[in-house]
Structure formats: structure tokens, C-alpha cells
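Each chain is listed here by its residues.
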Amino acid sequence: MATPVNLAVVYYSSTGTIAEIARELRDAGVKAGAEVRLLKVAELAPQAAIDSNPAWAANHAATADIHEATPEDIEWADAVLFGTPTRFGNVSSQLKQFIDTLGGLWAQGKLADKVYSGFVSSATAHAGQESTLLALYNSIHHFGGITVSPGFTDPAKFIDGNPYGTSHVDAQGNNPVDDTTRAAARIQAERAVRLAAALRAAA
């Protein structure tokens, strides 16, 4: 593409699963020709809570160098991939708090006509992955954004089985991000970049 698509991968991750998927999405976006920003949202939990969970503390330290997302990053982006662990079938408070800071851009119409998609993880199967993505997409409808889910647009999607977005069951850290999840992430990133490029070309 003549001018690269601007892709923002914006996520919250406690114990690292979503962070790992976010890196896969970033890499796939770069390979698809996009200019990519990998960004985390601010942690809201107290340090004592983080320190009480070794995996949470380890991920917190390992991602200390990842820049925190700002509204300006969303304004810059042609496509945004939002990532969150499920929280009782819903979006994590950390990601939701960031989305709630976008009201100024929304009021100016600057969130509209961009491509958006989501990715999630949960500890167990049937633990709210799809409801979390659908809840996330409610905000996108309010933005006037273009929700670009992966659907079953690639044969590999019939293996992971989630048409709403990339998802992974981590079994409390016992199931690392696997090839099935990585393939789903690549399909999602490539589709988001491709459709964002088409939208921009048509504008």
C-alpha cells in the first residue's frame, strides 16, 4: 500500500495472556504493511493486589516499557484492536476506563469511520468471551465506528470457532497462547488492515 494504515493495538492484560496476543496482532499488522502502535492502558489495581499474584506481578514488570495509550493514539489510528480479559462476561475496568476518556474525540466525531475489532481471554471455556466482545462492540456502535469481526472468513476460523474476535482459554495460566490462537490473531489483524485500507481509499 502506498501510505501505510495506522493500526493501534490497545490492550489491558493482568497475567500476560492478552499481552501475548497483542504482540501477535502487532507482528501480523506489521507484516500486512501497517504502521503499528502497541499500547497498554493504565493499571487501576493497587500494587498490593498485583504483588499478591506472581503471574500478575511478572507481567506488570515485563510490560513496564510499553507506552500507555492516549486519546491521541486513537485519533491517529485508522484501525484499532482492543484487547481485554473477560471480567464476569464483560470488559475489564481498566480498558473501559480508557474508553471512557474518549468522550472528547467522540463529541468531535473523530472516532467515527475507523475500523475496530476486539480480542479476549478467559480462564475457562464458556466464561464470557463472546459476551465480552459484544459488550465492547456496543461502544463501537456509539463511536460510529466500523466493527470488523473476523467471522468465518478463513478456514482456520473453523478451528478456533469464534467469529467475534480472537479469544483464548488460558486455564489460569496453564494453557499458553497456542498456534490456534496465533492463527486467529493473524487473520484478524490482516482483515482489519485490509478493510481499513479499503475504507481510506474509498474516502
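The paragraphs below set out a description of the structure included in this document. Everything numeric here is computed off the predicted structure, so don't read it as measured data.

Here is what the cut-offs are and how they apply
Residues numbered from 1 in each chain as written. Predicted model: local features only at pLDDT ≥ 70, side-chain atom pairs only at ≥ 80, totals over all residues. Heavy atoms only, no water. Helix = DSSP H or I, 4+ residues; strand = E, 2+ residues; numbered from the N terminus. Rg over C-alpha atoms; globule rule 2.2 N^0.38 Å. Pairing = 2+ DSSP bridges. Right-handed = clockwise from strand over helix to strand, strands pointing away. Salt bridge = Lys/Arg side-chain N within 4 Å of Asp/Glu carboxyl O. Buried < 20%, exposed > 50% of the residue type's maximum accessible area, 1.4 Å probe, protein only. 1 Å grid on protein atoms, 1.4 Å probe; cavity = no way out; pocket = protein on both sides within 12 Å on 5 of 7 lines; lining within 4 Å. Points joined across faces, edges and corners; volume = space filled by probe spheres on them. Nonpolar A, V, L, I, M, F, W, Y, C, P; charged D, E, K, R; others polar.

Assigned secondary structure in the chain consists of 9 helices and 7 strands. For a compact globule of 203 residues, the expected C-alpha radius of gyration is about 17 Å, and the chain comes in at 16 Å, within 12% of that figure. Once the C-alpha set of the chain is aligned to its principal axes, its extents read approximately 50 × 40 × 30 Å.

Moving on, we come to the pairing of strand E2 (residues 35-40). Where strand E1 (residues 6-11) and E2 come together, 6 bridges link them in parallel fashion. Considered in E2, the bridge of valine 9 is made with leucine 38. For the handedness criterion, the β-α-β arrangement of E1, helix H1 (residues 17-31) and E2 is classed as right-handed.

This paragraph deals with unusual backbone geometry. Apart from glycine, the bulk of residues carry a negative phi angle, and the bulk of peptide bonds sit in the trans form. Here the phi dihedral of alanine 171 falls at roughly 50°; this positive angle occurs in a residue that is not glycine. On the secondary structure map, alanine 171 appears in the loop between strand E7 (166-169) and helix H9 (179-202). Positive phi values are uncommon outside glycine, yet glutamine 172 reaches one of about 55°. As for its placement among the helices and strands, glutamine 172 is situated in the loop between E7 and H9.

Before going further, it helps to examine the pattern of salt bridges. Scanning all chains against the criterion turns up 10 salt bridges. The closest approach of N and O atoms between aspartate 27 and arginine 26, which form a salt bridge, is 3.0 Å. Among the residues examined, aspartate 27 registers a relative accessible area of 33% and is labelled partly exposed. Looking at arginine 26, the relative accessible area reads 27%, which means it is partly exposed. Notably, a salt bridge pairs arginine 200 with aspartate 78, separated by 2.9 Å at the nearest N-O pair. Taken together, the positions of arginine 200 in helix H9 and aspartate 78 in the loop between helix H4 (71-76) and strand E3 (79-87) put the pair 122 residues apart, joining distant regions of the chain. On the basis of relative accessible area, arginine 200 is assigned to the partly exposed category, the value being 31%. Salt bridges linked by common partners bring Glu20, Arg23, Glu24, Arg182 and Arg186 together as one network.

Looking now at the layout of surface pockets. There is about 450 Å³ of room inside the largest pocket. Surrounding the largest pocket, 22 residues form its lining, Thr15, Thr17, Asp170, Gln172 and Gly173 being those nearest its centre. Of the residues forming the lining of the largest pocket, the biggest block, 3 residues, is contributed by E3. Its residues assigned to classes, the lining of the largest pocket comprises 8 nonpolar, 12 polar and 2 charged. Along the wall of the second largest pocket there are 15 residues; nearest its centre are Gln129, Asp160, Asn162, Ser167 and Val169. Those elements that place two or more of their residues in the lining of the second largest pocket are helix H7 (129-143), E7 and H9.

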